[in-house]
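Next come the chains, spelled out residue by residue.
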Amino acid sequence: MKSFTILSGRGKANVGKVVTILEVTEEKALVKMGRTNLEIYLDGMTLEEKLNRGCEAWTRENTNHRFADCFDMHKVGADRNRGGIGVYDLEINY
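### Quick notes on the side chain of Asn 52
Thinking step 1. Along the polypeptide, Asn 52 turns up in helix H1 (residues 47–53).
Thinking step 2. In this structure, Asn 52 is in contact with Trp 58, Thr 59 and Ile 92, ignoring residues within four places of it in sequence.

What follows is the structure, given as structure tokens:
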């Protein structure tokens, strides 16, 4: 998996944007959307598990939830408890 496309999110401006995965550590993943470097905090999950939580198709197949759980991407060094780019549905590009 090299990137994913945002299909639905908290803000409409980010829909359709491609997010490139740069580096993955145990704590977080460093990604790039356009010219902006962002972080996805993994919270004890693998990157694949975290992205699956943001994918409505996976959620419908594997749980009884109707909608996917959101995950946030934050600018590098920003406070993860405030704001961020919310992703509700995505498509993984292999």
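### Let's talk about the packing of aromatic side chains
Thinking step 1. Under the defined criterion, the tally for this structure stands at 1 aromatic pair.
Thinking step 2. When the centroid spacing of 6.3 Å and the interplanar angle of 70° are considered together, the rings of Phe 4 and Phe 71 count as edge-to-face. Of the two residues, Phe 4 sits in strand S1 (residues 3–9) while Phe 71 sits in strand S5 (residues 71–75), which places them 67 residues apart along the sequence.

### Notes on the nonpolar core
Thinking step 1. Among the nonpolar cores identified, the biggest contains 19 residues, and Phe 4, Ile 40, Phe 71, Met 73 and Leu 90 are the most heavily contacted of them.
Thinking step 2. At 4 residues, strand S6 (residues 85–93) tops the list of elements feeding residues into this core.
Thinking step 3. For Ile 40, the residues in contact, after removing those within four places along its chain, are Phe 4, Glu 27, Lys 28, Ala 29, Val 31, Lys 50, Phe 71, Asp 72 and Met 73.

### What to know about the environment of Gly 34
Thinking step 1. Relative to the helices and strands, Gly 34 is located in the loop between strand S3 (28–33) and strand S4 (36–41).
Thinking step 2. We classify Gly 34 as exposed; its relative accessible area is 59%.

Calculation notes
Residues numbered from 1 in each chain as written. Predicted model: local features only at pLDDT ≥ 70, side-chain atom pairs only at ≥ 80, totals over all residues. Heavy atoms only, no water. Helix = DSSP H or I, 4+ residues; strand = E, 2+ residues; numbered from the N terminus. Contact = heavy atoms within 4.5 Å. Phe/Tyr/Trp six-rings, centres within 6.5 Å; stacked < 30°, edge-to-face > 60°. Core = buried A, V, L, I, M, F, W, Y, C linked by side-chain atoms within 4.5 Å. Buried < 20%, exposed > 50% of the residue type's maximum accessible area, 1.4 Å probe, protein only.

By themselves these figures say nothing about function.
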